[in-house]
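Residue-level listing of the chains:
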Amino acid sequence: MLAGLAVVGLRALTDRYDRAVADEQLLDPSARRERTDPDGPLNYLLVGTDRWQSGSAEDRRSDTILIVHVPSGGREAYLVSVPRDLLVAIPARNGHPGGPDKINAAYEHGGGGIGGTQLLSATLVRLTGIRFDGAALVDFSGFRRVIDLLGGVRMCVDTEVRSIHTDRLFSPGCQQMDGGTALDYVRQRYGLPNGDYDRQVHQQQLLRAMLDRAGQTALVTNPVKLDQLIRAVGSSLTVDTNGVPLEDLLIALRDLPAGALRGVRVPSGPQTIDSVSYVVLNNGGGGLFEAVRGTRMTEWARANPRWINPL
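Just so it is clear, the model here is predicted, and its values are computed rather than measured.

Calculation criteria
Residues numbered from 1 in each chain as written. Predicted model: local features only at pLDDT ≥ 70, side-chain atom pairs only at ≥ 80, totals over all residues. Heavy atoms only, no water. Pairing = 2+ DSSP bridges. Helix = DSSP H or I, 4+ residues; strand = E, 2+ residues; numbered from the N terminus. Contact = heavy atoms within 4.5 Å. Axes fitted to C-alpha atoms, helices over the stretch in contact; angles between N-to-C directions. Parallel < 35°, antiparallel > 145°, perpendicular 65-115°, else oblique. Nonpolar A, V, L, I, M, F, W, Y, C, P; charged D, E, K, R; others polar. Salt bridge = Lys/Arg side-chain N within 4 Å of Asp/Glu carboxyl O. Buried < 20%, exposed > 50% of the residue type's maximum accessible area, 1.4 Å probe, protein only. Core = buried A, V, L, I, M, F, W, Y, C linked by side-chain atoms within 4.5 Å. pLDDT = per-residue confidence, 0-100. 1 Å grid on protein atoms, 1.4 Å probe; cavity = no way out; pocket = protein on both sides within 12 Å on 5 of 7 lines; lining within 4 Å. Points joined across faces, edges and corners; volume = space filled by probe spheres on them. Phe/Tyr/Trp six-rings, centres within 6.5 Å; stacked < 30°, edge-to-face > 60°.

**Regarding the sheet that holds strand β12 (residues 237–240)**
Moving on, step 1. In spatial order, the strands read β1-β12-β7-β2-β3-β4-β13-β16; together these 8 strands make up an open sheet with mixed pairing. The sheet terminates laterally at β1 (22–23) and β16 (308–309), the two strands that pair on one side only.
Moving on, step 2. The pairing of β1 with β12 spans 2 bridges and is parallel. By the bridge assignment, D23 is partnered in β12 with V239.
Moving on, step 3. Here helix α3 (residues 113–128) sits on the sheet and contacts β2 (42–49), β3 (64–70) and β7 (134–139); the angle it forms with β2, its principal contact strand, is near 130°.
Moving on, step 4. Sheet contacts for helix α4 (residues 140–149): β2, β3 and β7; angle to β7, the most-contacted strand, approximately 80°.

Structure, rendered in structure tokens:
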């Protein structure tokens, strides 16, 4: 009886989610997996934008690009951060002639929003061969509200850095951060030893901290709190589930604990080309993309510890 009530509650929340969150075709047809099996390996594209700053969406580039890989069974997940300055070949679309550029420019050349995410996904499938089971386009303000509703998150600052956005000084050590402070911290890349690579690690750590905090607040077993969160992010989140009902995805991922997240750095390094600073792949990505496309991600991670980020 309790299991039945839980399913009813989940479906009720799913109905509210469907009404609150925009569901759009974020993936380019070339980047979409033909059929998603919630019980099989899953690949999702997560794109974060800084719409909370001034200016039009069309003039901004995506600030965060994550490939989320969940092997079969849903007991672990790999957060693959794609460097924003990665040199890629962007396909021609919507009047844009295409050609080599930084990958975060694909979002801008696609017109931002849905079109920008579609062009970004088309660029990624051309680069990696990875086809996706879904995508999410997230406004950073949505993350800020979620973190505040969770009561803040605990982040451990590894290197002193001053924010170029707020002039806030982040001192080394673990500390409780509200949404605005946490997002300010994870957006910093200047003044850090490894620049944008450190920023990628901090963003991955934030996702881990959010899941940790959600578990501490018994979010999964608190429908009222979960309902508040869903409504809070509704205006800041656009999703593409590839036709899979939300409750099916939640059931498939129910056994995924925060401690099972693995941060991954794409094998790459900085390079200056024609006086422009880029990031270029090492040996085509060192087998990472092949591992994500197949069922060998766990083995790849064990064999390549230098590219696994501590979360």
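**Quick look at the environment of T159**
Moving on, step 1. Examined against the element boundaries, T159 turns out to sit in the loop between β8 (153–157) and β9 (161–162).
Moving on, step 2. Once the C-alpha coordinates of T159 and D198 are considered, the two residues, 39 residues apart in sequence, prove to be 9.6 Å apart.

**Some points on the packing of helix α5 (residues 179–186) against helix α6 (residues 196–216)**
Moving on, step 1. In contact at an axis separation of 8 Å, α5 and α6 are set at 150° when each is read in the N-to-C sense. Here α5 is positioned roughly antiparallel relative to α6, judged by the angle of their axes. Residues A182, L183, Y185 and V186 of α5 form the contact with α6, whose own contacting residues are R199, H202, Q203 and L206.
Moving on, step 2. Here the contact of α5 with α6 is built from residues that sort into 5 nonpolar, 2 polar and 1 charged.

**Section: the pattern of salt bridges**
Moving on, step 1. Within this structure, the stated rule accounts for 9 salt bridges.
Moving on, step 2. The partner of D28 in a salt bridge is R93, and the shortest N-O contact between them spans 2.6 Å. Placement of the pair is D28 in the loop between β1 and β2 and R93 in the loop between β5 (87–90) and β6 (99–102), with a sequence separation of 65 residues.
Moving on, step 3. For D28, a relative accessible area of 8% gives the class buried.
Moving on, step 4. Owing to a relative accessible area of 30%, R93 belongs among the partly exposed residues under this scheme.
Moving on, step 5. The salt bridge involving R208 is made with D212; its shortest N-O contact spans 2.9 Å. With a gap of 4 residues between them, R208 and D212 both fall in helix α6, about one helical turn apart.
Moving on, step 6. Residues participating in the shared-partner salt-bridge network are D85, K102 and R189.

**Digging into the nonpolar core**
For soluble globular proteins, the rule of thumb is that nonpolar side chains tend to be buried together.
Moving on, step 1. Residues V153, M155, M177, Y185, L206, L207 and M210 are the most contacted members of the largest nonpolar core, which totals 38 residues.
Moving on, step 2. Looking at which element gives the most residues to this core, the answer is α6, with 5 residues.
Moving on, step 3. Not counting residues within four places of it along the chain, the set of residues in contact with L206 comprises I147, V153, M155, A182, L183 and V186.
Moving on, step 4. Core analysis: the next-biggest nonpolar cluster, separate from the first, contains 37 residues, L45, I90, A135 and A301 among them.

**Quick notes on the confidence of the model for the chain**
When pLDDT drops low, the exact placement of atoms in the prediction is not to be read closely.
Moving on, step 1. Predicted confidence across the chain gives a mean pLDDT of 85, with 86% of residues reaching 70 or more.
Moving on, step 2. The model gives residues 52–59 a pLDDT under 50, and that stretch makes 15 contacts with residues more than four places away or in other chains.

**Remarks on empty space enclosed by the protein**
Moving on, step 1. Inspection of the entire model under this criterion finds 2 cavities of 30 Å³ or more.
Moving on, step 2. Considered as a void within the structure, the largest cavity measures approximately 130 Å³ in volume.
Moving on, step 3. Lining the largest cavity we find 13 residues, and of these T64, F140, F143, Q203 and L207 sit closest to its centre.
Moving on, step 4. Breaking the lining of the largest cavity down by element, the ones donating at least two residues are β2, β3, α4, α5 and α6.
Moving on, step 5. In terms of residue class, the lining of the largest cavity is made up of 10 nonpolar, 3 polar and no charged.
Moving on, step 6. By volume, the second largest cavity is sized at about 40 Å³.

**Some details on the packing of aromatic side chains**
Moving on, step 1. This model, assessed by the stated rule, comprises 1 aromatic pair.
Moving on, step 2. Ring geometry for F170 against Y185: centres 5.2 Å apart, planes inclined by 50°, an arrangement best described as tilted. Of this pair, F170 sits in strand β10 (residues 169–170) while Y185 sits in helix α5, and the two are 15 residues apart along the sequence. Y185 carries the same exposure label as F170, and that label is buried.

**Brief notes about unusual backbone geometry**
Moving on, step 1. Positive phi outside glycine occurs at N242, with the angle close to 55°.
Moving on, step 2. With respect to the helices and strands, the residue N242 is situated in the loop between β12 and α8 (246–252).
Moving on, step 3. Taking the relative accessible area as the measure of exposure, N242 reaches 16% and is therefore buried.
Moving on, step 4. The backbone of S275 shows a phi angle near 70°, a positive value even though the residue is not glycine.
Moving on, step 5. The topology assignment puts S275 in the loop between β14 (268–273) and β15 (276–281).
Moving on, step 6. By relative accessible area, S275 is classed as exposed at 74%.

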